[in-house]
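Now for the letters of each chain:
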Amino acid sequence: MTAAVFFGCTFIAFGPAIALFLFTIAREPLRVIFLIAGAFFWLVSLLLASLVWFISVQISNKDSASQQKGLLIFGVVLSVLLQETFRFAYYKLLKKANEGLLALSQEETMPISIRQLAYVSGLGFGFMSGAFSVVNILADSVGPGTVGIHGDSQHYFLSSAFMTMAIILLHMFWGVVFFDACEKQRWWAVAAVVVSHLLVSCLTFQNPEYVASLVPTYVVLFLMGVWAFYTAGGSLRNLKLCLTCKDKDFLLANHRPR
Amino acid sequence: MANSAEDVENNMDRQKSSPAPEPIQQQQESTGTRMRSRGGSGPGGGDGGGGGGGTGSSPEQNGQPPTPRPPLVLENEEDEDEEMTLKYGAKHVIMLFVPVTLCMVVVVATIKSVSFYTQKDGQRLIYTPFPEETDTVAQRAVNSILNATIMITVIIVMTLVLVLLYKYRCYKVIQGWLFLSSLLLLFFFSYIYLKEVFKTYNMAMDYFTLAVIIWNFGVVGMMCIHWKGPLRLQQAYLIMISALMALVFIKYLPEWTAWLILAVISVYDLLAVLCPKGPLRILVETAQERNEPIFPALIYSSTMVWLVNMADTDRPKSNSAEAGSAQPDSQEAAMASPEPSSPSQDNGGFSSSWVRQQQHQLGPLQSTEETRREVQQMPSARPPVEDDDEERGVKLGLGDFIFYSMLVGKASATVGGDWNTTLACFVAILIGLCLTLLLLAIFKKALPALPISIFFGLVFYFATGYLVRPFMDELALHQFYI
């Protein structure tokens, strides 16, 4: 517990996301705004899901543990579906806003492309989702205590941190694939995103068997990452050029010598 | 893009000074909540921080007598209406996000670590005399409504007094009032804050060192806020005093009263700014008629404010240092200028070695009153600020900072320390601010900054606290992820 666990878990959970934010988003005001708006949309979806869950709990039998667990599972599924619905709603809003911005700014090109918006909004969803899942746990990890003293798993904090990192990155990949699928009207891809989100959430029902939940989650993360990479226009050739610092377009755009 | 429209900055701070002998009194600054858009210099151009002496200083006019600029404004507005361009871009939104976030971070960090601000000592402000520890819920509700009513009445009265003082040109009274209240904040409240921080971290400090620290902090603060200072330092001080004020409100306002006050003050802000007979709107219009800025000391500004006396022809030309001011470019220099120790040696910061070097490079230059006036009457080499996106800043009243931070601080002060509520309120307030700025960009006139943000903040506070929190707690218990 205490500081070591706190800092370790914080950096595991939020490290990649904060790095992405600092290097790609922090300098562009428009992207920051859309990131925060994405976080807001996720928050609203969570609010609605909690409302429904709360009402259902109030009218149910509070003593029956199995019923409560069933309601919780129902809440999780509903929340996932609502999140994806709000992702779609955000997509629609961004399309309209982009047209409006274009009309207002009198410029030829849009200030921000739909792909960038997909990335930024996915990351916004991810930040908020990760924060809500793990911040309270991190706050508790600062104080004294013994993890799992009553027979629960000792790896609670660590597994939470890894799961959160996976979820944040997954939200980003889902955002990219989802928006692209909506642009090209490929509804099977949209369905695939929803199904994979449900899959990841349902895998967590097996906690605390962390092997059964974390490993498949990371497999899904890797596959979604590859899919998003190809969707965003990446290819093996691009990757090679990027890694060997020979990508001329990128170098030109950033005014660096070859 | 964009442009013009000189909106005079008018952010107002309503002040209350409490009578001295009251034991619990706190001088409060309940603040105005208007956000003004600012087009750089121009009729609304202000002097840096209140400008010395309440002259209601004239804007930077290049040494010429101030001329009314409304015709130019109208033209630009007509052009703009046709083009429907946005006056502010994303950059200005971020310029406000950062200080608002910083203020909230300071307040939340203090609330979470220093327990003094969440302890209820039983002390109340004189403006909220009814206790909330009552036997029945109904009685508590009635008490809190009465408290909120008294507070709002005091605020309305103070606003009206301020508007009257302004209308009848009692600038000295207003200046003195603002001076006293910022004095109290910078010295007394920061002393209490420092004391509590030391107590929390168990640090020992003697009174002499403490006195020196507080003295320096306070004096530099007074200088930065009311006079001149580096922009970042001024912004930092404004953020600090907003945070201090928000902490005072969090500590001394009882629970239900605080929420009611937040709600009512948003409604009041909306009415006062938008209704034709609203006091704040009268203030704005009076200031616009007179072409004056109002109380620049109590507005957070994201860009530098042009100095009026950079091109002052009244300054005694005791030495050739004035040669520098003949060049229009020098008007863009930064606000800070080190003041010489005595007025008689005022060389404007140009030391004799600099002057010698200047004369060596340019030849002997001695400007006289006439030559300076001639140069200043020439069209300025500096591009007009209205066309330059980069130069335009945006302003937000300190009252908005205070109430935003108060909301987030109260969200983080909940028993059990739920971070989800704090985060939700934070995001809600930022989105509200974003929407308000969008409206400001579209409508180009004074808009209240409180209503949208506070509304979102309140909705998310109560919804997250009562609906989301149990759900997330259950999920965390079983380690389910959504």
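Cut-offs applied
Residues numbered from 1 in each chain as written. Chains lettered and ligands numbered in written order. Predicted model: local features only at pLDDT ≥ 70, side-chain atom pairs only at ≥ 80, totals over all residues. Heavy atoms only, no water. Helix = DSSP H or I, 4+ residues; strand = E, 2+ residues; numbered from the N terminus. Contact = heavy atoms within 4.5 Å. Areas by Shrake-Rupley, 256 points an atom, 1.4 Å probe, with all protein chains shown as cover. Axes fitted to C-alpha atoms, helices over the stretch in contact; angles between N-to-C directions. Left-handed = near helix turned anticlockwise from the far one by under 90°. Nonpolar A, V, L, I, M, F, W, Y, C, P; charged D, E, K, R; others polar. Salt bridge = Lys/Arg side-chain N within 4 Å of Asp/Glu carboxyl O. Buried < 20%, exposed > 50% of the residue type's maximum accessible area, 1.4 Å probe, protein only. UniProt positions renumbered as here; feature names shortened; annotations may be inferred. Buried area = accessible area lost by both parts, 1.4 Å probe. Polar contact = N/O pair within 3.5 Å; in protein donor to acceptor, adjacent residues only side chain to side chain. Patch = residues over 30% accessible without salt bridge, like charges linked within 9 Å, V, L, I, M, F, W, Y side chains within 5 Å. Phe/Tyr/Trp six-rings, centres within 6.5 Å; stacked < 30°, edge-to-face > 60°. Lys NZ or Arg CZ within 6 Å of the ring centre and 35° of its normal. Parallel < 35°, antiparallel > 145°, perpendicular 65-115°, else oblique.

K.L.:
What's the story with the overall build of chain B in this structure? I'm lost.
P.N.:
If you tally the helices and strands in chain B, you get 13 helices and six strands. The contacts of chain B with a sequence gap of at least 6 include a subset with a gap of at least 24, amounting to 81%. In the form shown here, chain B has an accessible surface area of approximately 21000 Å², with 64% of it arising from carbon and sulfur atoms.

K.L.:
What is the right way to read the packing of helix α2 (residues 90–113) of chain B against helix α11 (residues 398–412) of chain B from this model?
P.N.:
Two packed helices can be described by the angle between their axes and the distance between those axes. Residues and elements named next belong to chain B. Where α2 meets α11, the axes come as close as 9 Å, and the angle between the chain directions of the two elements is 40 degrees. Here α2 and α11 pass one another in a crossing that is right-handed. For the pair formed by α2 and α11, the contact residues are P99, V100, C103, M104, V107, V108, I111 and K112 on the first element and F401, Y404, S405, V408, G409 and S412 on the second. Among the residues forming the contact of α2 with α11, the class breakdown is ten nonpolar, three polar and one charged.

K.L.:
What exactly am I supposed to notice about the pattern of salt bridges here?
P.N.:
Side chains that differ in sign of charge can pair as their charged atoms come close. Residues and elements named next belong to chain A. Applying the stated rule across the entire model yields nine salt bridges over all chains. Between K184 and D180 there is a salt bridge; the shortest N-O distance is 3.1 Å. On the basis of relative accessibility, which here comes to 44%, the residue K184 falls in the partly exposed class.

K.L.:
Looking at this structure, how should I read the UniProt feature "transmembrane region" (unreviewed entry) in chain A?
P.N.:
Residue and element names in this part refer to chain A. Under the local residue numbering, the UniProt record ascribes the feature "transmembrane region" (unreviewed entry) to residues 6–25, 32–59, 71–90, 117–139, 159–179, 186–206 and 212–230. A distance of 28 Å separates the end C-alpha atoms of residues 71–90, which is 100% helix and 0% strand. When the span residues 159–179 is considered, its composition is 100% helix and 0% strand, and the gap between its end C-alpha atoms is 30 Å.

K.L.:
What exactly am I supposed to notice about the interface of chain A and chain B here?
P.N.:
It is common to report an interface's size as the accessible area lost on association of the parts. With 48 residues of chain A at the interface, the matching set in chain B holds 39 residues. Taken together, the two surfaces of chain A and chain B that pack against each other cover about 3800 Å², and 77% of this comes from carbon and sulfur. Counting across the interface, chain A meets chain B through zero salt bridges. Taken together, the connections running from chain A to chain B amount to eleven residue pairs in polar contact (both at pLDDT 80 or more). Those elements that place two or more of their residues in the side of chain A that touches chain B are α2 (29–58), α3 (65–105), α4 (114–141), α5 (156–183) and α6 (187–203) of chain A. Among the elements that take part in the side of chain A that touches chain B, α2 of chain A stands out by supplying 17 residues, more than any other. Residue classes in the side of chain A that touches chain B are distributed as 31 nonpolar, 16 polar and one charged.

K.L.:
I tried to follow a nonpolar patch on the surface on my own but got confused; where do I start?
P.N.:
Together, V211, V215, V219, F222, L223, V226, F229, Y230, L236, L239 and L243 of chain A make up an exposed nonpolar region whose accessible area comes to about 1100 Å². Note that V226 of chain A resides in helix α7 (residues 210–231).

K.L.:
Help me understand the packing of aromatic side chains in this model?
P.N.:
Think of a pair of aromatic rings as described by two things: how far the centres are apart, and how the planes are tilted against each other in angle. Tallied over the entire structure, the rule returns 29 aromatic pairs over all chains. On the basis of an interplanar angle of 40 degrees and a centroid distance of 5.5 Å, the ring pair of F40 of chain A and F456 of chain B is categorised as tilted. Here F456 of chain B lies in helix α13 (residues 450–478) and F40 of chain A lies in helix α2, a pairing that spans two chains. Taken as a pair, F40 of chain A and F456 of chain B share a single burial class, namely buried. On the basis of an interplanar angle of 75 degrees and a centroid distance of 5.2 Å, the ring pair of Y91 of chain A and F179 of chain A is categorised as edge-to-face. Pair noted here: Y91 of chain A is in helix α3 and F179 of chain A is in helix α5, with a separation of 88 residues, a long-range link. A connected cluster of aromatic rings, assembled from ring pairs, spans F40 of chain A together with F455, F456 and F460 of chain B. In this structure, K251 of chain B is placed above the aromatic ring of F116 of chain B, and the distance from its NZ or CZ to the ring centre is 4.1 Å.

K.L.:
Any chance you could explain the packing of helix α6 (residues 231–252) of chain B against α11 of chain B here in plain terms?
P.N.:
Residue and element names in this part refer to chain B. For the pair α6 and α11, interaxial distance at closest approach is 8 Å and the crossing angle is 50 degrees. One element, α6, and the other, α11, form an angle in the oblique class. At the point where α6 passes α11, the crossing takes the right-handed sense. Note on element contacts: α11 touches α6 through L398, F401, I402, F403, S405, M406, G409 and K410, opposite L238, I241, S242, M245, A246, F249 and I250. Here the residues of the contact of α6 with α11 are counted per class, giving eleven nonpolar, three polar and one charged.

K.L.:
What am I meant to see in unusual backbone geometry here?
P.N.:
Across residues other than glycine, the phi torsion is negative in most instances, and most of the peptide bonds are trans. In this structure, P208 of chain A follows N207 of chain A across a cis peptide bond, with omega equal to 5 degrees. If you check the backbone angles, N202 of chain B has positive phi at about 60 degrees while not being a glycine. By secondary structure assignment, the location of N202 of chain B is in the loop between α4 (171–201) and α5 (207–226). Despite not being glycine, K444 of chain B shows a phi value in the positive range, around 60 degrees.

K.L.:
Is there a simple way to explain the environment of T2 of chain A in this structure?
P.N.:
All names here are of chain A. Mapped onto the elements of the fold, T2 is located in helix α1 (residues 2–25). Residue T2 is classed as partly exposed on the basis of its relative accessible area, which comes to 38%. Along the chain, T2 and V142 lie 140 residues apart, while their C-alpha atoms are 4.2 Å from each other. Here T2 is in contact with S141, V142 and G143, once residues within four sequence places are set aside.

K.L.:
Mind showing me how you'd approach the UniProt feature "transmembrane region" (unreviewed entry) in chain B here?
P.N.:
Summarizing the sequence annotation, UniProt attributes the feature "transmembrane region" (unreviewed entry) to residues 93–111, 145–165, 177–194, 206–225, 237–253, 259–275, 423–443 and 449–468 of chain B in the numbering used throughout. The distance from the first to the last C-alpha atom of residues 259–275 of chain B is 24 Å, and the span holds 94% helix and 0% strand.

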